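A closer look at the structure
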Amino acid sequence: MKRVLISCMAALLLMPCFAKTPAQKLIKRLQQLEQRGYMFGHQDDPFYGTTWSRIGNMPDSMCAQTDVCSDTYLVTGDFPAVMGFDLGGIEKGDSRNLDSVPFTMIREEIRKHHERGGVITISWHPRNPLTGGNAWDVKNNQTVRSILPNGEKHALFSEWMKRVADFLLTLTDSKGQPIPFILRPWHEYNGSWFWWGEKNCTAEDFRSLWNMFQDYVNSRGLKKNIVWSCSPNLQGNHTLSHFMERWPGDDRVDLVGEDAYQK
């Protein structure tokens, strides 16, 4: 998850005529901001930087000197417009995510960023429920099928989805109102380095995975909070027909993003 640079190009698909829910209001706001330019984003911005860390062994002198933990703030005098956070590890009941950030700290920083006017994006790199390995464990290409209804790991994955939803329900502002956020599950799904990737499940099974997760999360009362992002990896085999093979459906996606790595 620790990357040098991630460039995300996004296109909004849905423009609500009457924005009523937090998610609809966020979509409308994003489309208005799109007319002004680009928003700069930074993953895990308040947790660690080039010379400091609030979660590891590096000194946090930068935080102590400025009372602000953010490389972006140190350079520009302002926080990034978009902050990204990952929930990998929450499915197992861990207290910290796969980057060693406590989930209590993630919740706190999401609230702070929302109340300063920022945009939040959340991803999830769950462990492999079939093999017990991490999200990058692709030794068995039956993982997705095993967690779909009637699969041998469906009950286990249902518990994992519950833990994700339980956490998302705690994302509220200081007045107890739900915080809207962009949720981008199964990102880079057209690559094959994650267990949900292209060579590790059929297109039909991937769409079933997307639908199962989305339907469960929405059933927990989170539909009004979430802007759903379909986020493939930027690759050389992009054609419309190839892209549409795993498209979840126009009614299931609000935003399209590309994971594009600067190498």
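Residues numbered from 1 in each chain as written. Predicted model: local features only at pLDDT ≥ 70, side-chain atom pairs only at ≥ 80, totals over all residues. Heavy atoms only, no water.

Structural notes on the confidence of the model for the protein chain
Overall, the prediction assigns the protein chain a mean pLDDT of 90, with 89% of residues at 70 or greater. Across residues 2-9 the pLDDT falls below 50, and counting only partners more than four positions away or on other chains, this stretch makes 20 contacts in the model. (pLDDT = per-residue confidence, 0-100. Contact = heavy atoms within 4.5 Å.)

Focus: the packing of aromatic side chains
Both the distance between ring centres and the angle between the ring planes are used here to describe each pair of aromatic rings. All chains considered together, the criterion is met by 19 aromatic pairs. Between phenylalanine 47 and phenylalanine 85, the aromatic rings sit 5.8 Å apart at their centres with planes inclined by 65°, giving edge-to-face as the arrangement. Within this pair, whereas phenylalanine 47 is found in the loop between β2 (41-43) and α2 (61-66), its partner phenylalanine 85 is found in strand β3 (residues 82-86), the two being separated by 38 residues in sequence. No difference in accessibility class separates phenylalanine 47 from phenylalanine 85, as the two residues are buried. The structure contains a cluster of three or more aromatic residues connected by ring pairs, namely Trp124, Trp136, Phe157, Trp160, Trp186, Phe194, Trp195, Trp196, Trp210, Phe213 and Trp228. Its guanidinium or amino end placed over the ring of phenylalanine 79, arginine 116 lies 3.7 Å from that ring's centre, counting from NZ or CZ. (Phe/Tyr/Trp six-rings, centres within 6.5 Å; stacked < 30°, edge-to-face > 60°. Helix = DSSP H or I, 4+ residues; strand = E, 2+ residues; numbered from the N terminus. Buried < 20%, exposed > 50% of the residue type's maximum accessible area, 1.4 Å probe, protein only. Lys NZ or Arg CZ within 6 Å of the ring centre and 35° of its normal.)

Comments concerning the side chain of asparagine 128
Secondary-structure assignment places asparagine 128 in the loop between β4 (119-123) and α5 (143-147). Here leucine 130 takes part through its backbone nitrogen, which lies 2.9 Å from a polar atom of the side chain of asparagine 128. Excluding residues that lie within four positions of it along the chain, asparagine 128 makes contacts with Gly133, Asn134, Ala135, Asp137, Thr143, Trp160 and Trp195. (Polar contact = N/O pair within 3.5 Å; in protein donor to acceptor, adjacent residues only side chain to side chain.)

A look at unusual backbone geometry
Despite not being glycine, aspartate 44 shows a phi value in the positive range, around 55°. With respect to the helices, strands and loops of the structure, aspartate 44 is situated in the loop between β2 and α2. Residue aspartate 44 is classed as buried on the basis of its relative accessible area, which comes to 2%. Of note in this structure, asparagine 150 is not a glycine but carries a positive phi near 80°. Position of asparagine 150 relative to the elements: it lies in the loop between α5 and α6 (154-168).

A look at the pairing of strand β6 (residues 226-230)
The side chains of a regular strand alternate, residue by residue, between the two faces of the sheet. Of all five residues in β6, five are buried; the element is thus mostly enclosed. Side-chain alternation along β6 places Ile226, Trp228 and Cys230 on one buried face and Val227 and Ser229 on a second face that is also buried. Judged from the three bridges that link them, strand β5 (residues 181-183) and β6 form a sheet pairing that is parallel. Across the sheet, the residue bridging to isoleucine 182 is valine 227, located in β6. (Pairing = 2+ DSSP bridges.)

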